[in-house]
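As a plain string of letters, each chain reads:
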Amino acid sequence: MANKFKTPSCIISILKKINISMNNRPRRDRRVVVTGMGAITPVGIELAESWQGMLKGKNGVSYITHFDASSFPCTFAGEVDNFVPGEYLPEKIARKMDRFMQFGLACGNQAIKDSGLEISESNAHRVGAYIGSGIGGVNTIESTTHIFKEKGAARISPFYIPMTITNMISGNLSIAHGLKGPNLSMVTACSTGTHAIGEAGRLIEYGDADVMVAGGAEAPISPTALAGFSAARALSRRNDNPEFASRPWDIGRDGFVMGEGAGVLVLEEYAHAKKRAARIYAELTGFGMSGDAYHMTRPSPGGEGASRCMDNALRNAKIDADKVQYLNAHGTSTPQGDLAETQAIKLSFGDHAKKLVISSNKSMIGHLLGAAGGVEAVMTVMSIYHQLIPPTINLVDPDPACDLDYVPGEARQHKIDVALSNSFGFGGTNGTLVFSKI
């Protein structure tokens, strides 16, 4: 029986316009490049200091000083020393922020300054922020809970909520610099920084922005976070020798080391960057994601999920696996995680896996959780720009099952045209970025 109802002509006209608009939406013809970076890590509170620290194999792990951790199963972490918020932010504003937010905003300021970008009324609506955190303001949540129990609801700070929610890094950075483009955040556990950068790059590709300030920040070194990760038996317990606790791919690895800090990149549309004669560090050529659908905290068997993620990133970049020279690994120093990532690399790269140069920044700074992908993306780009690869320290007795080239001990000069940066998080969430020399 024929349909006796007809779609009104006005609706048909609207649908046609929407379809034309979507078909005309720019995609891969808009290239994305890195024009600015910032890094706050346990080995340095500026980009240059962090980079030089990693090239030298500096160890940023030591006993915890933020609180008395002597009774905890793990007593050490990668703390950021000598970070004075008032040196990077107005004191009045810094007091209204949790430490993770202070890191994120200070690091974003570094990256914008490094880019040389001038933000004005004419371009502000085309510049946005996309900075995430895996945990957010856990320190403020803890301290406020104590106040609530001891003094009651009337003593809770009116800034409690904006001090703790993760999107307030992007919010505060947008306010500070007048960024009127996309204002977003990301929470995907230890993949947060990588996913934020990848999604920010796609916003530029699709024409929603010309510039995005993207990355991750984290300040998780608190009693409850330390207790929680310890209870999950995720942390190393090498309390007698903490500087050797983070040892990716070593047979003696027994868990990751918690760290704190931030890593932020300024991503920019290529023609936009060229027009203002910006320094270009590298090009973001690909981004891939996947889900393990396997376990809350353990990787899928054989690294299958991580392999699909790398495959997706290379497919998105339209780059063959044998064109990759360097891989900045997730490399957490956990028995299962390091093995699974090694297996994933072999699945994705086949025989070329033996020719890859691979290293882990976490061997020096610990695992920065939601900030890890941001910091490691920064260091991957620096490796391309300088054609130098920071080492994996503490790798003295390699696991026979982890038999690839992990750059043990000393930095290495190496030709890098294409590099990958991996991040894998609890919940089975995976992210991979592809950067290329330009």
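Values in this document were obtained by computation on a predicted structure and should not be read as measured data.

*Asks:* Please clarify how the sheet that holds strand β4 (residues 127-132) should be interpreted in this entry.
*Replies:* Working definition: the strands of a sheet are paired by backbone hydrogen bonds and lie parallel or antiparallel to each other. Spatial strand order, β5-β4-β6-β7-β1-β8-β14-β13-β9-β10: ten strands in an open sheet with mixed pairing. Where the open sheet ends on each side, the last strands, each with one partner, are β5 (183-184) and β10 (357-359). Where strand β13 (residues 418-425) and strand β14 (residues 429-436) come together, eight bridges link them in antiparallel fashion. From the neighbouring strand, Ala419 faces β14, where its bridge partner is Phe435. On the sheet, helix α11 (residues 304-317) packs against β8 (282-291), β9 (326-328), β13 and β14 and is oriented at approximately 140° with respect to β8.

*Asks:* Sorry, what's going on with the state of the cysteines here?
*Replies:* Disulfides are covalent bonds that link the sulfur atoms of two cysteine residues. This structure, assessed with the given rule, holds zero disulfides. Unpaired in terms of disulfides, Cys107 finds its nearest cysteine sulfur in Cys190, a separation of 18 Å. Free of any disulfide, Cys190 has its nearest neighbouring cysteine sulfur in Cys309, separated by 14 Å. Take Cys190: its relative accessible area is 10%, and that puts it in the buried class.

*Asks:* Teacher, can you tell me more about the packing of aromatic side chains here?
*Replies:* Under the criterion given, the structure shown has seven aromatic pairs. Relative to Phe256, the ring of Phe229 has its centre 5.5 Å away and its plane inclined at 75°; by these criteria the two rings are edge-to-face. Placement of the pair is Phe229 in helix α9 (residues 223-231) and Phe256 in the loop between α9 and β7 (261-269), with a sequence separation of 27 residues. We note that Phe229, like Phe256, is buried. Measuring from centroid to centroid gives 4.0 Å for Trp249 and Tyr406, while their planes differ by 10°, and the two rings are stacked.

*Asks:* Is there a simple way to explain the pattern of salt bridges in this structure?
*Replies:* Side-chain pairs of opposite charge can arise whenever the charged atoms involved come near each other. Applying the stated criterion across every chain, the model contains 16 salt bridges. One salt bridge in this structure joins Asp399 and Arg253, with 3.1 Å as the shortest N-O distance. Of the two residues, Asp399 sits in the loop between β11 (388-389) and β12 (412-413) while Arg253 sits in the loop between α9 and β7, which places them 146 residues apart along the sequence. The two residues Asp399 and Arg253 agree in class, both being buried. Its salt-bridge partner being Asp403, residue Lys354 comes within 3.2 Å of it at the nearest N-O pair. In this pair, Lys354 sits in the loop between α12 (335-349) and β10 while Asp403 sits in the loop between β11 and β12, placing the two residues 49 residues apart along the sequence. Each of Arg30, Arg126 and Asp210 takes part in salt bridges that share partners, so that together they form one network.

Cut-offs applied
Residues numbered from 1 in each chain as written. Predicted model: local features only at pLDDT ≥ 70, side-chain atom pairs only at ≥ 80, totals over all residues. Heavy atoms only, no water. Pairing = 2+ DSSP bridges. Helix = DSSP H or I, 4+ residues; strand = E, 2+ residues; numbered from the N terminus. Contact = heavy atoms within 4.5 Å. Axes fitted to C-alpha atoms, helices over the stretch in contact; angles between N-to-C directions. Disulfide = S-S within 2.5 Å. Buried < 20%, exposed > 50% of the residue type's maximum accessible area, 1.4 Å probe, protein only. Phe/Tyr/Trp six-rings, centres within 6.5 Å; stacked < 30°, edge-to-face > 60°. Salt bridge = Lys/Arg side-chain N within 4 Å of Asp/Glu carboxyl O.

Such coordinate-based values are descriptive only and should not be taken to indicate function.
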